[in-house]
Structures are given as structure tokens and as C-alpha cells.
Amino acid sequence: MKIEKDISLLAYNTFGIDAKAKIFAEYYSLDELRELLRQYRGEKILHIGQGSNLLFTRDFDGVILHSGMARARFLDDETVEAQNGLRLDDMIAQLTDMGYCGLEKLSLIPGEVGASAVQNVGAYGVEAKDVIERVYTIDVETLEERVFTNSECRFGYRDSAFKHELKGKYIVTSVVYKVKPGEATKTREEIITTRMAKLPTVGEVGSAGSFFMNPFVPEQQANALLAQYPDMPHFATPQGVKIPAAWLIEQCGWKGKTLGGAQVWPKQPLVIVNANNASAQDIIDLAAQVAASVQEKFGITIHPEVNYI
Ligand SMILES: Cc1cc2nc3c(=O)[nH]c(=O)nc-3n(C[C@H](O)[C@H](O)[C@H](O)COP(=O)(O)OP(=O)(O)OC[C@H]3O[C@@H](n4cnc5c(N)ncnc54)[C@H](O)[C@@H]3O)c2cc1C
């Protein structure tokens, strides 16, 4: 294992915020993870992946855990078990090369396997929940292993039980995904091209991807808005009518606007970027102003997808 004290988290969050952590510990086996949890019992603990959905709003006065376990193996011809620290896209690239499909629409989503289950990542009509069979975890208190079936994870839109009632109680250690033999190269390439055209590239422009989640509104409210804005994109779903937050934000005139070093990404207004040495406060303030103007113009509350730490 590797333990560092008082370190900058700049390299550990894609927003590029230079917050500090009291302790940063990386483990390479489940035994090491258990040892760290024992050693730091009582401390504030945050397990991170690639830090691609985090906004460090201040220095972290506790222990940041990160997994250095990054292997995957076939359990049989239809299931792959991947360790939490493996980059999701690296796994998809390997599966595609080996002639397996199922996850290709999630190509190029930043982040690691562990967080894919926590966040229920999704893109182009596919969500992690569609391909996750089960999730292995370690209970932070008892240090025992617990396996969650897909339904026990209580997946929702960018959501799972690990973000609510189980938050901070379990560390996802590996995820079993369903795959099937099939050609996915073309789809993967198309998705990579589309994503690269509109989303900031990690390592070049700081961001956490979509800053806000798409809102769902009751049918009555959607109809009233449609009477006023006939071009408003909308999608009927069992949870209500989904309205793209990007459209709402664009209508409020935010595309390309800046506040301090933060900017609403001109190519995709759902994304807030660190355009010029933004402080966390710049990003928080810009996001708050964007949300307030959407609320004022449309009467719709948009909620951040990004985890404020
Ligand atoms: C340019 C860009 C594009 C993006 N596009 C998409 C997209 O298309 N679709 C999408 O869904 N997301 C997208 N995202 C968001 C991000 O990729 C996902 O949320 C991803 O799952 C985050 O993974 P991570 O490893 O970076 O997790 P982190 O950001 O480090 O952590 C996210 C959360 O998971 C928790 N966590 C991490 N690992 C574990 C673990 N092992 N056990 C328990 N909890 C854990 C953390 O505590 C935190 O609460 C994008 C982000 C960027 C920067």
C-alpha cells in the first residue's frame, strides 16, 4: 500500500481543483483495504475513483482511499468481474478488442469500475445497471464482504443505494458485468468520435462532465411549458417527462458564459469547465446562478450530478 500525508488532490480530480487531503492511501489488495479501514477507523473516509465526478469545495480533513486493484477476468462466456480501480473505458476497449459487446455505449466515460456502480453511469440509452449483474463490497464497519444483486443496488438515473442509505457504509471492490460475444468496434468508434466533438477532454480541460442531471417534471407542467415553448425537447418516461437540462440552460443564455475561472462549456452547456484556474467557489457560484435562472424562467429545479465534497 501507499500512504501519503498532506498531499494535493490536483492529480486526483478531473476538475483540476488544488484541494489538499490530510491522508491519501492507495491499496493493492482486499487485505490492505481492510488494514487501512482498521487503521483509520473513526476518521472521515472518502473512497474515490478517478475523481471525475467530484468537486472538492475545501481541503479534505480525513482519509482519501483509492484502489490500485485494476484487473478483470471472465467468470464464464457471459460475465466479467472487474476490480474497482480499473478504468471503465480500458475494460470496454479490451472487451471490444476481444470481440465482446454490451458495454460499448459507455465508451469514453471517465472513471473507474467501482464508481460505475455507485453512479450508475450512462450514455446513449445504456446505463451501468443494464449490464451489471452483481456488485462486491466491503462493509466499512465489519470489514466483511457483502454481495449486492442488481436489484439490491436500487439503481436509478445516475443513482444507486450507495449514494443514499448505503453511502459511506460500503466500498465497492469489484463489479460483475454481463457481456456477450459480438462485434462492437464500429459503435465504440462512433461514440468516441461524437463524445470527443462535444465534451471536454480529460487532462486538457477541467470538468466533471455533465454538471446537472436532467429534470423530470409532471405531465401537466410539461404541457404548460410546451404551450409556451413548442420546440422544447421532451421525453415521456415512467418517472415523468424528461427535459434535457442542456436545453433549459442554453435557453437561459448561459452557453459560453464565464464567472471567475469557471465557464459553461460552449459545445455542451450541461458541462461546467475550469477554463482558467477556477476556484471551487467560482464553480459553485456559476452552477448556483445557472440553476437559479432555470428555476426562474421555467419553474424547474435542476440538481447537480457532481458530488460536492
Ligand atoms: C468529460 C467527462 C464526461 C463524462 N461523461 C459522463 C457520461 O456520459 N455519463 C455518466 O454517467 N457520467 C459521465 N461523467 C461523470 C463520471 O465519469 C462518472 O460519474 C464516473 O462514474 C465517476 O467515476 P470516478 O471513478 O471518477 O469516481 P469519483 O468521481 O472519484 O467518485 C464518484 C463517487 O463514487 C464514490 N466512489 C468511487 N469509488 C468508489 C468505490 N470503490 N466504492 C464506493 N464508492 C466509490 C465516490 O466516493 C463518489 O461519491 C463524465 C465526466 C467527465 C469528466
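Note that the structure is predicted; figures quoted are calculated from it, not measured.

Novice: Pulling in residues and values, what's your account of the sheet that holds strand β19 (residues 258–259)?
Specialist: Strand order in the open sheet formed by four strands is β15-β21-β20-β19, and the pairing between neighbours is antiparallel. Of all the strands in the sheet, the pair left with one neighbour each is β15 (206–210) and β19. Pairing between β15 and strand β21 (residues 271–274): three bridges, direction antiparallel. For G206, the partnering residue across the bridge sits in β21 and is N274. In the packing of helix α8 (residues 280–298) onto the sheet, contacts are made with β19, β20 (262–264) and β21, and the angle to β20 comes to roughly 30°.

Novice: Give a description of helix α5 (residues 185–198) that names residues and reports values.
Specialist: Here α5 spans 21 Å end to end across 14 residues, near enough to the 20 Å set by a 1.5 Å rise per residue. Of all the residues in α5, the buried ones are R188, I191 and R195. All buried residues of α5 fall inside an arc of 65° around its axis, so they share one side. α5 presents K186, T193 and A197 as exposed residues on the side facing more than 90 degrees away from its buried surface.

Novice: Run through the domain arrangement of the protein, naming residues and quoting values.
Specialist: Interface size is often expressed as the accessible area that is lost when the parts come together. Along its sequence, the protein is organised into domain 1 (2–67), domain 2 (72–187) and domain 3 (200–308). For domain 1 versus domain 3, the distance between C-alpha centres works out to 29 Å. For the domain 1 and domain 3 pair, buried surface summed over both sides reaches about 1,100 Å², with 61% attributable to carbon and sulfur atoms. On the domain 1 side of the interface with domain 3, the three residues burying the most area are F15, N53 and L55, jointly 59% of the side's total. On inspection of domain 1 and its partner domain 3, the count reaches zero salt bridges. Connecting domain 1 to domain 3 are seven residue pairs in polar contact (both at pLDDT 80 or more).

Novice: I'd like a rundown of the site of the ligand, residues and numbers included.
Specialist: Lining the immediate surroundings of the ligand are 32 residues, of which H47, G49, S52, P110 and G122 lie closest. Within the backbone of Q50, one N or O atom sits 2.8 Å away from an oxygen atom of the ligand. Measuring from an oxygen atom of the ligand, one finds a side-chain N or O atom of R158 at 3.0 Å. When the free accessible area of the ligand is taken as 990 Å², the share hidden by the protein chains comes to 94%. Mapped by element, the contributors of at least two residues to the shell around the ligand are β3 (45–48), α3 (113–119), β9 (122–123), β13 (170–178) and β15.

Novice: Describe the side chain of E112, naming the residues involved and giving the relevant values.
Specialist: As for its placement among the helices and strands, E112 is situated in the loop between β8 (100–101) and α3. An unpaired buried charge is present at E112: no salt bridge exists, and R87, the closest side chain of opposite charge, is 4.1 Å distant.

Novice: Help me get a handle on the pattern of salt bridges, residues and values and all.
Specialist: Enumeration over the complete set of coordinates arrives at 14 salt bridges. In this structure, E81 and R73 form a salt bridge, with 2.9 Å as the shortest nitrogen-oxygen distance. Between K255 and E250 there is a salt bridge; the shortest N-O distance is 3.3 Å. Residue K255 is classed as partly exposed on the basis of its relative accessible area, which comes to 39%.

Novice: Explain unusual backbone geometry to me, and be specific about the residues and the numbers.
Specialist: Although it is not a glycine, N120 adopts a positive phi angle of roughly 45°. In this fold, N120 is placed in the loop between α3 and β9. For N120, a relative accessible area of 0% translates into the label buried. Of note, Y124 is a non-glycine position whose phi angle comes to about 50°, a positive value. Within the secondary structure layout, Y124 lies in the loop between β9 and β10 (126–127).

Thresholds applied
- Residues numbered from 1 in each chain as written.
- Predicted model: local features only at pLDDT ≥ 70, side-chain atom pairs only at ≥ 80, totals over all residues.
- Heavy atoms only, no water.
- Pairing = 2+ DSSP bridges.
- Helix = DSSP H or I, 4+ residues; strand = E, 2+ residues; numbered from the N terminus.
- Contact = heavy atoms within 4.5 Å.
- Axes fitted to C-alpha atoms, helices over the stretch in contact; angles between N-to-C directions.
- Expected span 1.5 Å × (residues − 1).
- Buried < 20%, exposed > 50% of the residue type's maximum accessible area, 1.4 Å probe, protein only.
- Arc of directions from axis to C-beta.
- Domains from an automatic or database assignment.
- Buried area = accessible area lost by both parts, 1.4 Å probe.
- Salt bridge = Lys/Arg side-chain N within 4 Å of Asp/Glu carboxyl O.
- Polar contact = N/O pair within 3.5 Å; in protein donor to acceptor, adjacent residues only side chain to side chain.
- Near = heavy atom within 4 Å.
- Areas by Shrake-Rupley, 256 points an atom, 1.4 Å probe, with all protein chains shown as cover.
- Lys, Arg positive; Asp, Glu negative; His and termini not counted.

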